[in-house]
Protein chains: 4
Amino acid sequence: ELGQFTEDLNKTRPEYVKSFQYGSKLMLSTWIVIRIDGCHFHRFSDVHEFEKPNDAQALDLMNSCAAAVLEEFKDIVFAYGVSDEYSFVLKKDSQLYQRRASEIVSAVVSYFSSMYTMRWNEFFPNKEMKYLPYFDGRAVCYPSCEIIKDYLAWRQVDCHINNQYNTCFWLLVKSGKSKSDAQNYLKGTQTQEKNELLDQLSGIVDYYNTLPPMFRQGSSVYWDKETKLQDDEEGAAGKSRRIVVVRYENIIDAGFWEAHPQILDEKM
Amino acid sequence: ELGQFTEDLNKTRPEYVKSFQYGSKLMLSTWIVIRIDGCHFHRFSDVHEFEKPNDAQALDLMNSCAAAVLEEFKDIVFAYGVSDEYSFVLKKDSQLYQRRASEIVSAVVSYFSSMYTMRWNEFFPNKEMKYLPYFDGRAVCYPSCEIIKDYLAWRQVDCHINNQYNTCFWLLVKSGKSKSDAQNYLKGTQTQEKNELLDQLSGIVDYYNTLPPMFRQGSSVYWDKETKLQDDEEGAAGKSRRIVVVRYENIIDAGFWEAHPQILDEKM
Amino acid sequence: ELGQFTEDLNKTRPEYVKSFQYGSKLMLSTWIVIRIDGCHFHRFSDVHEFEKPNDAQALDLMNSCAAAVLEEFKDIVFAYGVSDEYSFVLKKDSQLYQRRASEIVSAVVSYFSSMYTMRWNEFFPNKEMKYLPYFDGRAVCYPSCEIIKDYLAWRQVDCHINNQYNTCFWLLVKSGKSKSDAQNYLKGTQTQEKNELLDQLSGIVDYYNTLPPMFRQGSSVYWDKETKLQDDEEGAAGKSRRIVVVRYENIIDAGFWEAHPQILDEKM
Amino acid sequence: ELGQFTEDLNKTRPEYVKSFQYGSKLMLSTWIVIRIDGCHFHRFSDVHEFEKPNDAQALDLMNSCAAAVLEEFKDIVFAYGVSDEYSFVLKKDSQLYQRRASEIVSAVVSYFSSMYTMRWNEFFPNKEMKYLPYFDGRAVCYPSCEIIKDYLAWRQVDCHINNQYNTCFWLLVKSGKSKSDAQNYLKGTQTQEKNELLDQLSGIVDYYNTLPPMFRQGSSVYWDKETKLQDDEEGAAGKSRRIVVVRYENIIDAGFWEAHPQILDEKM
């Protein structure tokens, strides 16, 4: 059997077969966003009894995985997450996988998924994973800093809109309405009306703004300087080093980017 | 803050930002191969002390994940794996993710990675996972049955060639040679010479063919009929149902495909 | 000035600039259709007073250009034209321009356009060209003979539908109706009704089938054997050679393809 | 025959056939360069006895066609031509053909080719066109003004290098050397050496810089203000209007772009 390897090899026309491979390359000198979304996470969150409308533990797990992605893939300069979705921004001159879309997307998604499964027990020590979590992803390129910021602002506006809606919806359900009644009740309501409804249902003035920042703002993940205030084994007080941080900030506002020009390598 | 959602939304030009999204679609009516490869698996197999040249447990874990992929993604009709690589063949009229390359590839890779991490303890009950396993993937389309079979034959020939080389290499190392000496020793040797070397180093005639079929042939995963020989709770003897099987067969040979025309939906 | 060439060259980073070039390649082993359409030909045909609904001279010019394209680009095995549109089919293993879409499409369109302009006087000796004719094009791949035939049949069905409609429309206009009245009159009519209308307007039984085949069937262009019936200088009677022919045939019918298996290289 | 249209139409599965169409779209908000090149122009220039190394009439014809392209396609903001090559730059927010690569490239190439053929007699009144000229084209996107300028500078540096080489080559041939001797003579020579050779062969000091600017700089085509110095029928002296100009300028130098900020819509 073994003697006919070479013969077999020629029969299979490896060069011809290989020539079908076709890697779509992402345009040079543009910002790459890898956006990943949970597959069937509606069911996943039901099966694992996530708290509604937001499960802090589940979001912390997502954020922990995103931070690990930034540590593994050094070309990622920023990530923004909300619900079961995360967007990773690669610096515009990244040469990761020679900018081949499928490889970049699949490696990031794979790392994130593997980490999510591995760290489950850390974040849910008393919940067995009954159902395999997985994600899909896609890549989009943006040619300028301005459009990247617009993209991220769009995701944060979406976070606000969904969070406000979902907070209303679950307060209505907890007040005794059926899910379909709650849905009908909210149909067509504007931001202002939903806000008033929130205050009324909760009995708290300006209720929306009392919610945890992570629920309202989503999570931003990036490298930042950490200033050590106390002596430690490795160095003296006052020294700083770069670490990955997870924060809940307003990234629609220009102020965020002015305060962190290093993220998008902007000259200020 | 909340009152300005709509305003913010317009500022971010969501339609414009969305219009950059661009999903490369895979050609209709062609066979799609999703090929995944372990990232940094050389190091991963060292750190986890996989047996060389083949670790049966590690391969069984790969095969178990591949079988799970077939059960989750019903459009996958065949998978072939060797070492830390797996190829999944989707039927040619699949509409999975509307044939968008990044989504298909990332979802399959994500599911596989998540499963690999989850089932680790099952296959390595006494080995802690010290290092996160992850994979990358890519998609290739092939327009005919013939070329798909050529593709798979090419992978199996590669399996033979690598396995023969690696078996020689590790026998030399176990016989006392250094890794670089072993490498130099094998440089330029032909199939026949390596075969003779195997017999001589092992002291066994036709040694290569005594190796387990999984090491020599790689693993083929597909849906097949299981015929029940005995009565069981659900049905009478002789009835059959479709199950995912993992087998170590010669898929270069036309005989395999003639025996399983249902895999590629071939009229025989 | 000249002394600083090399310096200038480095400043322009030619390798970097070149690396943005990105040629979308058409999938190997698939049939490529290049479809070209006249740009602003509605106006072009008005300005040059083409006969309505079909101008035989204008169609002959199109056909003459298409035949020239087949003679120049040997990988084109078939062309089908109707109105200001032409589809060119390249054989499935063509390596023209290494299958780069833009180059193939642009070269075919350019040759066709240039020929159209050059031969205008031949077909319209008494009409000055007042307006520059040009065309756009695109490429589509099809993985099998069956789908290519479906594509061509689709174009011929379209030819019938448009021709029947246009013939009705212009007979109504010639009978004194305004263009918008004619349009309203035909709105929603079925094939059978339009057919009866044609007979009625023309006073001829089965009028549609009395129209020239070129108007009803469109034009098919391909290489065929020409059998010489008489002696000529180059050879004896009965010998044959391959020439490009323009014919008006039913290509929806399987009979056409059975009679010309060489076109799509089909084994019959 | 006609009665079965609808039946035929269904048989051909038009929606399925259409769904293979796949238009590669050029990234939004990036500068598009359409670069066209003459096909087989070496032979074309021989057959039509173009003057070597540069034929002013042939270049004027190219420039005239390029100017016509700018007048037809209003989104083109700049063109640069040398020899049988022309690059057209579309403004970065162009929506021409919804940015589908094949359509944009083919329409521009078609218009250019058709114009070249039509205007041949104007520029070569005494030369019959014996051979059909045609061009191919491709599209490349660039994400910033800086890279577009680098692209154009690269083409102009190439123009200098080729022009210097060709001028040397043809002076050597005119001095009695065979073509292959001339080629060998020039092999490996540097800019400075070729410059000295030019002075020596021509007997003119600084000979290269005495060549017409069109040969040395290539041709730049763009919209510019024309200031009328004299009264004319349409308006008074001193008024200006925008016209397409053809100029021979140094576009490597930043000065050119500073003097014409409107071309790339730069804020200065």
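In what follows, the structure referred to is the one given above.
In this numbering scheme, every chain counts its residues from 1 along its sequence in written order. Just so you know, chain letters begin at A and ligand numbers begin at 1, following the order they were written in. Side-chain atom pairs in this predicted model are given and counted only at pLDDT of 80 or more, local residue features only at pLDDT of at least 70, and totals for whole chains, interfaces and linings cover all residues. For the side-chain quantities, the full set of heavy atoms in the structure was used; hydrogens and water were omitted.

Chemist: Explain the overall build of chain A to me, using residue names and the numbers behind them.
Modeler: Only DSSP runs of H or I covering at least 4 residues are called helices, and only runs of E covering at least 2 are called strands; the numbering of each starts at the N terminus. Assigned secondary structure in chain A consists of 10 helices and 6 strands. For the exposure calls, accessible area comes from a 1.4 Å probe over protein chains only, and a residue counts as buried if that area is under 20% of its type's maximum, exposed if over 50%, partly exposed in between. By the burial criterion, 54% of the 268 residues in chain A qualify as buried. Here the open area of atoms and residues is found with the Shrake-Rupley method and a 1.4 Å probe, where only the protein chains shown may cover a residue. Surface exposure of chain A reaches about 12400 Å², of which carbon and sulfur atoms provide 47%.

Chemist: I'd love a proper account of the relation of the copies chain C and chain B, names of residues and values included.
Modeler: Placing chain C over chain B gives an RMSD of 0.0 Å and needs a rotation angle of 180 degrees, together with 0.0 Å of translation along the axis. With respect to symmetry, the two chain copies, as superposed, fit the operation of a two-fold axis. The C-alpha atom lying nearest the rotation axis in chain C is that of proline 143 of chain C; the distance is 2.8 Å. Here 100% of the contact residues of chain C are again contact residues in chain B; the copies associate through an equivalent surface. When the copies are superposed, the least-squares fit draws on C-alpha atoms of residues that have pLDDT of at least 70 in both. Contacts are assigned to residue pairs with any non-hydrogen atoms lying within 4.5 Å of each other.

Chemist: Can you explain the interface of chain A and chain B? Please cite residues and give values.
Modeler: Listed per partner, the contact involves 64 residues of chain A and 62 residues of chain B. When two parts are brought into contact, each loses some accessible area as probed by a 1.4 Å sphere; the total of that loss over both is the buried area. Together chain A and chain B conceal approximately 5500 Å² of surface at their shared face, both sides included; 64% is due to carbon and sulfur atoms. Those elements that provide at least two residues to the side of chain A that touches chain B are helix H1 (5-11), helix H2 (14-18), helix H5 (101-123), strand S4 (135-142), helix H6 (145-174), helix H8 (191-202) and helix H9 (213-217) of chain A. Per-element tally for the side of chain A that touches chain B: the top contributor is H5 of chain A, with 13 residues. Ten residue types, Ala, Val, Leu, Ile, Met, Phe, Trp, Tyr, Cys and Pro, are classed as nonpolar, four, Asp, Glu, Lys and Arg, as charged, and the remainder, Gly among them, as polar. Residue composition of the side of chain A that touches chain B, by class: 33 nonpolar, 19 polar and 12 charged.

Chemist: Break down the interface of chain C and chain B for me, with residues and values.
Modeler: Opposite the 8 residues of chain C that make contact, chain B presents 8 residues. Of the roughly 490 Å² buried between chain C and chain B on both sides combined, carbon and sulfur atoms contribute 83%. If you sort the residues of chain C by the area they bury against chain B, Met27, Ser29 and Pro143 of chain C come out on top, with a joint share of 82%. By definition, a salt bridge exists where a carboxyl oxygen of Asp or Glu is found within 4 Å of a side-chain nitrogen of Lys or Arg. In this structure, the connection of chain C to chain B is made through 0 salt bridges. Its residues placed into classes, the side of chain C that touches chain B shows 6 nonpolar, 2 polar and no charged.

Chemist: Give me the lowdown on the pattern of salt bridges, citing residues and values where you can.
Modeler: Scanning the model with the defined rule gives 53 salt bridges over all chains in all. Notably, a salt bridge pairs arginine 138 of chain D with aspartate 37 of chain D, separated by 3.6 Å at the nearest N-O pair. Of the two residues, arginine 138 of chain D sits in strand S4 (residues 135-142) while aspartate 37 of chain D sits in strand S1 (residues 31-38), which places them 101 residues apart along the sequence. For aspartate 37 of chain D, a relative accessible area of 16% gives the class buried. Connected through salt bridges with shared partners, the residues Arg100 and Glu103 of chain A together with Arg35, Asp37, Glu85, Asp136, Arg138, Arg155 and Asp158 of chain B form a single ionic network.

Chemist: An account of the packing of aromatic side chains is requested, with residue identities and associated values reported.
Modeler: Paired rings are identified among Phe, Tyr and Trp, the last through its six-membered ring, by centres lying within 6.5 Å, and are further divided according to the angle between planes into stacked (under 30 degrees), edge-to-face (over 60) and tilted (the rest). With the rule as written, the count across this model stands at 120 aromatic pairs over all chains. Ring geometry for phenylalanine 44 of chain B and phenylalanine 50 of chain B: centres 6.0 Å apart, planes at 85 degrees, overall edge-to-face. Plain terms: the ring middles of tryptophan 120 of chain C and phenylalanine 124 of chain C are 4.4 Å apart, the flat faces sit at 35 degrees to each other, and that makes the pair tilted. Assigned by exposure class, tryptophan 120 of chain C and phenylalanine 124 of chain C land together as buried. Ring pairing ties together the aromatic residues Phe41, Phe44, Phe50, Tyr86, Phe88, Phe112, Tyr116, Trp120, Phe124, Tyr131 and Phe135 of chain A, which thus form one cluster. Put simply, a charge is over a ring when the Lys NZ or the Arg CZ is close to the ring centre, within 6 Å, and near the line of the ring normal, within 35 degrees. Just above the ring of tryptophan 154 of chain C sits the side chain of arginine 155 of chain C; from NZ or CZ to the centre is 4.4 Å.

Chemist: Explain empty space enclosed by the protein residue by residue, including any values.
Modeler: Where empty space is left becomes clear once a probe the size of a water molecule has been rolled over the atoms. Residue and element names in this part refer to chain D. Buriedness for pockets is judged along seven lines, at least five of which must meet protein on both sides within 12 Å for an open set on the 1 Å grid over protein atoms alone, while cavities are sets there where a 1.4 Å probe fits but cannot get out, and lining residues have an atom within 4 Å of a point. Grid points are joined across faces, edges and corners, and a volume is the space filled by probe spheres set on the points. The final tally for this structure, using the stated rule, is 1 cavity of 30 Å³ or more. In this structure, the largest cavity occupies an estimated 40 Å³ of space. Contributing elements (two or more residues each) for the lining of the largest cavity: S1 and S4.

Chemist: Give me the lowdown on the packing of helix H4 (residues 56-72) of chain C against helix H5 (residues 101-123) of chain C, citing residues and values where you can.
Modeler: Residue and element names in this part refer to chain C. The axes are straight lines fitted to the C-alpha atoms, using for helices just the contacting stretch, and the angles between their N-to-C directions are given from 0 to 180°. Remark: H4 packs on H5, axes separated minimally by 9 Å, with the N-to-C direction vectors making an angle of 135 degrees. Classed by the angle they form, the pair H4 and H5 counts as oblique. Between H4 and H5 lies a crossing of right-handed hand. Contacts between H4 and H5 involve Gln57, Asp60, Leu61, Met62, Ser64, Cys65, Ala66, Ala68, Val69 and Glu72 on the former and, on the latter, Val108, Tyr111, Phe112, Met115, Tyr116, Arg119, Trp120 and Phe123. Class assignment of the residues belonging to the contact of H4 with H5 gives a composition of 13 nonpolar, 2 polar and 3 charged. In this scheme, roughly parallel covers angles under 35 degrees and roughly antiparallel covers those over 145, while 65 to 115 is roughly perpendicular and the rest are oblique. Working rule for handedness: look at the near helix, and if it is turned counterclockwise from the far one by less than a right angle, call the crossing left-handed; if clockwise, right-handed.

Chemist: If you had to explain the environment of glutamine 21 of chain C to someone new, which residues and values would you point to?
Modeler: Secondary-structure assignment places glutamine 21 of chain C in the loop between helix H2 (14-18) and strand S1 (31-38). Excluding anything up to four places from it in sequence, glutamine 21 of chain C contacts Arg35, Arg138, Val140 and Trp154 of chain D.

Chemist: Which residues make up the nonpolar core, and what are the values?
Modeler: Among the buried residues, those of types Ala, Val, Leu, Ile, Met, Phe, Trp, Tyr and Cys that are joined through side-chain atoms within 4.5 Å form a nonpolar core. Core analysis: the largest hydrophobic core is formed by 147 residues, its most contacted members being Phe88 of chain B together with Phe88 of chain C. Once residues lying within four places of it in the same chain are set aside, the contact partners of phenylalanine 88 of chain B are Ile32, Val33, Ile34, Ile36, Ala66, Val69, Leu70, Ile76, Phe78, Ala79, Val108 and Phe112 of chain B. Grouped together as the second largest cluster of nonpolar side chains are 146 residues, Ile251 of chain A together with Ile34, Leu61 and Trp120 of chain D included.

Chemist: With reference to specific residues and values, describe the environment of phenylalanine 169 of chain B.
Modeler: All names here are of chain B. Take phenylalanine 169: it is sitting in helix H6 (residues 145-174). Exposure remark for phenylalanine 169: the relative accessible area of 11% places this residue in the buried category. Sequence spacing of phenylalanine 169 and cysteine 145 is 24 residues, and the spatial spacing of their C-alpha atoms is 36 Å. Apart from residues no more than four positions distant in its own chain, phenylalanine 169 is found in contact with Lys179, Ala182, Gln183 and Leu186.

Chemist: Give a detailed account of the relation of the copies chain A and chain B, specifying residues and quantitative values.
Modeler: Rotating chain A by 180 degrees and moving it 0.0 Å along the rotation axis overlays it on chain B with an RMSD of 0.0 Å. Of the residues that chain A buries at the interface, 97% are likewise interface residues in chain B, meaning the two copies contact each other through the same surface.

Chemist: Now, about the side chain of asparagine 54 of chain B: what can you tell me, with residues and values included?
Modeler: All names here are of chain B. Topologically, asparagine 54 is positioned in the loop between helix H3 (41-47) and helix H4 (56-72). Here a polar contact is recorded for every N or O atom pair within 3.5 Å, except that within protein the pair must consist of a potential hydrogen donor and a potential acceptor, and residues adjacent in sequence are included only if both atoms are side-chain atoms. A polar contact of 3.0 Å, which involves the side chain of asparagine 54, links it to the side chain of asparagine 163. The contacts of asparagine 54, once residues within four sequence positions are left out, are Leu59, Asn163 and Phe215.

Chemist: Describe the side chain of serine 29 of chain B, naming the residues involved and giving the relevant values.
Modeler: Positionally, serine 29 of chain B belongs in the loop between helix H2 (14-18) and strand S1 (31-38). For serine 29 of chain B, a relative accessible area of 13% puts it in the buried group. In this structure, serine 29 of chain B is in contact with Lys92 and Arg99 of chain B, Pro143 and Ile147 of chain C together with Tyr16 and Phe20 of chain D, ignoring residues within four places of it in sequence.

Chemist: Could you give an account of the pairing of strand S3 (residues 85-90) of chain B, naming the residues involved and the relevant values?
Modeler: Residues and elements named next belong to chain B. Along S3, 6 of the 6 residues are buried, which leaves the element largely enclosed by surrounding structure. A two-sided burial pattern is seen for S3, the buried positions comprising Glu85, Ser87 and Val89 on one face and Tyr86, Phe88 and Leu90 on the other. Only strands joined by at least two bridges in the DSSP assignment are considered to pair. Where S1 lies against S3, 6 bridges are found, and the strand directions are antiparallel. If you follow isoleucine 36 over to S3, its bridge partner there is tyrosine 86. Bridge count between strand S2 (residues 76-82) and S3: 6 bridges; the pairing is antiparallel. Bridging from a neighbouring strand, tyrosine 80 pairs with serine 87 of S3.

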